[in-house]
Amino acid sequence: MRANGQRRLAAAGAPAPALPAVPRTAVPIVTYMLFVVMAGGTVPTPVYALYAQRLHLSPPVVALVFAAYAAGILAALLLFGGLSDKIGRRATLVPALVVAAASSVVFIALPTLPGLFAGRLLSGVSVGLTTGAATAYLRDLHPSPPRAALIASVTNMAGLGSGALLSGVLVEYAPSPEVLPYTVLIVLLLPGAALVLLPERVVARGGRIRPQRIGVPPAVRRPFTAAAVAVFASFSLLGLLAALAGNFLVQGLHNHSHLAVGLVAFSAFGSAGAAQLLAVRMAPRAGLVAGMTAVPVGLGLILTGLSAASLPVFLCGSVLGGAGAGTSFKSGLALVTSQASPDRVSELVSGYFVAAYLGLTVPVVGVAALLAGGTLMTAAGVFAGVVTVLCLGSIGVTAALGNRTPTRRTPP
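The following refers to the structure shown. (Residues numbered from 1 in each chain as written. Predicted model: local features only at pLDDT ≥ 70, side-chain atom pairs only at ≥ 80, totals over all residues. Heavy atoms only, no water.)

**Describing the overall build of the protein chain**
So, step 1. Each helix and strand in the protein chain was counted, giving 15 helices and 0 strands.
So, step 2. A compact globule built from 412 residues would reach a C-alpha radius of gyration of about 22 Å, and the protein chain, at 21 Å, matches this within 12%.
So, step 3. Summarising its shape, the C-alpha atoms of the protein chain cover approximately 70 × 50 × 35 Å along the three principal directions.
So, step 4. Sequence-distant contacts in the protein chain: of pairs separated by 6 or more residues, those separated by 24 or more amount to 85%. (Helix = DSSP H or I, 4+ residues; strand = E, 2+ residues; numbered from the N terminus. Rg over C-alpha atoms; globule rule 2.2 N^0.38 Å. Contact = heavy atoms within 4.5 Å.)

**Considerations on the packing of helix α12 (residues 284-308) against helix α15 (residues 376-401)**
So, step 1. Where α12 contacts α15, the two axes come as close as 9 Å, and the packing angle between them is 165°. Considering the angle they form, α12 stands roughly antiparallel to α15. The interaxial crossing formed by α12 with α15 has left-handed handedness.
So, step 2. For the contact of α12 with α15, the class distribution of residues is 17 nonpolar, 6 polar and 1 charged. (Axes fitted to C-alpha atoms, helices over the stretch in contact; angles between N-to-C directions. Parallel < 35°, antiparallel > 145°, perpendicular 65-115°, else oblique. Left-handed = near helix turned anticlockwise from the far one by under 90°. Nonpolar A, V, L, I, M, F, W, Y, C, P; charged D, E, K, R; others polar.)

**Concerning the packing of aromatic side chains**
So, step 1. Applying the stated criterion across every chain yields a total of 8 aromatic pairs.
So, step 2. With centroids separated by 6.4 Å and ring planes inclined at 20°, the aromatic side chains of F353 and Y357 adopt a geometry described as stacked. Of the two residues, F353 and Y357 are both situated in helix α14 (residues 345-373); the distance of 4 residues between them amounts to about one turn of the helix.
So, step 3. F353 gets classed as buried once you look at its relative accessible area, which sits at 18%.
So, step 4. Since its relative accessible area comes to 7%, Y357 is described here as buried.
So, step 5. An aromatic cluster is defined as three or more aromatic residues linked by ring pairs; in this entry it consists of F235, F329, Y352, F353 and Y357.
So, step 6. The aromatic ring of Y69 is capped on one face by R120, whose charged end is 4.4 Å from the ring centroid. (Phe/Tyr/Trp six-rings, centres within 6.5 Å; stacked < 30°, edge-to-face > 60°. Buried < 20%, exposed > 50% of the residue type's maximum accessible area, 1.4 Å probe, protein only. Lys NZ or Arg CZ within 6 Å of the ring centre and 35° of its normal.)

**What about the pattern of salt bridges?**
So, step 1. Considering all chains together, one arrives at 4 salt bridges under this definition.
So, step 2. Where D140 meets R89, a salt bridge forms, and the shortest distance between an N and an O atom there is 2.7 Å. Of this pair, D140 sits in helix α7 (residues 113-141) while R89 sits in helix α6 (residues 89-109), and the two are 51 residues apart along the sequence. Comparing D140 with R89 shows no difference in burial state: the two are buried.
So, step 3. Close ionic contact of R90 with E200 constitutes a salt bridge, the shortest N to O distance being 4.0 Å. (Salt bridge = Lys/Arg side-chain N within 4 Å of Asp/Glu carboxyl O.)

**Details of the environment of V94**
So, step 1. Position of V94 among the secondary structure elements: in helix α6.
So, step 2. Spatially, the C-alpha atom of V94 lies 9.6 Å from that of A194, the residues being 100 residues apart in sequence.
So, step 3. Apart from the residues within four sequence positions on either side, V94 is in contact with L195 and V196.

**Description of the side chain of S123**
So, step 1. Positionally, S123 belongs in helix α7.
So, step 2. When residues no more than four places from it in sequence are discounted, the contact partners of S123 are G40, G41, Y69 and S103.

**Looking at empty space enclosed by the protein**
So, step 1. As enumerated under the stated definition, the model contains 4 cavities of 30 Å³ or more in all.
So, step 2. In this structure, the largest cavity spans a volume of roughly 120 Å³.
So, step 3. Lining the largest cavity are 16 residues, and of these Y69, L160, F269, Y357 and L360 lie nearest its centre.
So, step 4. Residue assignment for the lining of the largest cavity shows that the elements contributing at least two residues are α4 (59-80), α8 (145-173), α10 (221-253) and α14.
So, step 5. Considered class by class, the residues forming the lining of the largest cavity number 13 nonpolar, 3 polar and no charged.
So, step 6. In this structure, the second largest cavity spans a volume of roughly 60 Å³. (1 Å grid on protein atoms, 1.4 Å probe; cavity = no way out; pocket = protein on both sides within 12 Å on 5 of 7 lines; lining within 4 Å. Points joined across faces, edges and corners; volume = space filled by probe spheres on them.)

**Considerations on the side chain of S167**
So, step 1. Looking at the secondary structure, you find S167 in helix α8.
So, step 2. When its relative accessible area of 0% is taken as the criterion, S167 is described as buried.
So, step 3. Among all residues touching S167, those that are not within four sequence positions of it are V43, P46, V47 and P181.

**Some points on the packing of α4 against α10**
So, step 1. Relative to each other, α4 and α10 sit at 145°, their axes nearing to 10 Å. As α4 runs across α10, the sense of the crossing is right-handed. Contacts between α4 and α10 involve P59, V62 and F66 on the former and, on the latter, G239, A242, A243, L244 and N247.
So, step 2. In terms of residue class, the contact of α4 with α10 is made up of 6 nonpolar, 2 polar and no charged.

**Some thoughts on the nonpolar core**
So, step 1. With 110 residues, the main nonpolar core has F235, L244, F248, F314 and Y357 as its most contacted residues.
So, step 2. The element that contributes the greatest number of residues to this core is α10, accounting for 19 residues.
So, step 3. Each residue touching L244, except ones within four places of it in the same chain, is listed here: P59, G239, V364, V367, A368 and L371. (Core = buried A, V, L, I, M, F, W, Y, C linked by side-chain atoms within 4.5 Å.)

**Let's talk about helix α13 (residues 311-337)**
So, step 1. If you check α13, its first and last C-alpha atoms are 38 Å apart, about what 27 residues at 1.5 Å a residue would give, namely 39 Å.
So, step 2. Structurally, the start of α13 carries an N-cap: the backbone nitrogen of V313 is 3.3 Å from a side-chain oxygen of S310. (Expected span 1.5 Å × (residues − 1). Polar contact = N/O pair within 3.5 Å; in protein donor to acceptor, adjacent residues only side chain to side chain.)

**Some remarks on the layout of surface pockets**
So, step 1. When its volume is computed, the second largest pocket comes out at roughly 290 Å³.
So, step 2. Forming the boundary of the second largest pocket are 23 residues, of which Y48, A49, G246, N247 and V250 lie nearest the centre.
So, step 3. Listing elements by their share of the lining of the second largest pocket, those giving two or more residues are α3 (48-55), α4, α10 and α11 (258-279).
So, step 4. For the lining of the second largest pocket, the leading source of residues is α10, giving 9 residues.
So, step 5. The residue inventory of the lining of the second largest pocket, partitioned by class, reads 14 nonpolar, 9 polar and no charged.

Below, the structure written as structure tokens:
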């Protein structure tokens, strides 16, 4: 919060220093940086087909390359999730910006399989560092913390969608498709250096950096389970479209357009971001049920589009499924954060994000393995069946909560 540093000093009996005024450009600068770093997470999506063709990569290998991205995010969140509270927001975000640029440099300089793994891992680390620190910085800078959290959440999804679309356009129509998207990303990252001009809003505490603890108190296990299963299923759909959209379009729709790959990812992540704006007006449990209903319907349209070789139907499924994923993500996070006492919220949120990023990777690797040994429709059908069962399970647990779910308690 904006006055965290002041409160700590006041609690210690020391006079709280006056914090510097917030420039009008502060929130746009931090939002822009978050947007561009998140865009870097999906820039490789339309390029995967080129890598697969040149390096003779099978779908499971492509999926593992994508999984390295989620591994980097998880490592950064769990190891350095509280770093900005100790050393400051800017001191965390500036290195994250450098890591994001280094990821693009690796993709350009080392277009080999080890280079792809390294580039995706670095990209994930930059996203993991940026997500927590930028969200906290926006809360420090914006006069309305709930609005700041919404800006961060929507920007996250909008960046992921826009990165894929921008890359798809460049790969389809511009020269040097394995170089230009990353070069453009580096150029877009440069204005983020304006972060060094912004005021720091927390007093750096220093101290030992410890891994983020994950825990689920017994009293909130049911709502946490409902939310965690929902976000796992939701991110499974988003991960599938981000990692294997090219395989689905080529094998199922006979469409070799790199722009179409970017458009699929953009439609899913873009609708996920837009849906979060609507989810704000919904009660968390109602939003969770709505999202978990939309995801299987979206998957059904995706399967229909594959069987009918129809890109419009496939895109409709991506939009609806993405909207369901965004609604589930926002509502599940709201449900989780409303259940525990304030001193346990960070543990629950960390567990929630672990479920999300496991969903982003594990099912995708499984689908890729099925693609390598079977047909496209079999792999897609198995995936849709498993995700639908998870969605129904989440709905069942959510419905069983009734009015028995405990509300957040303030410790004495």
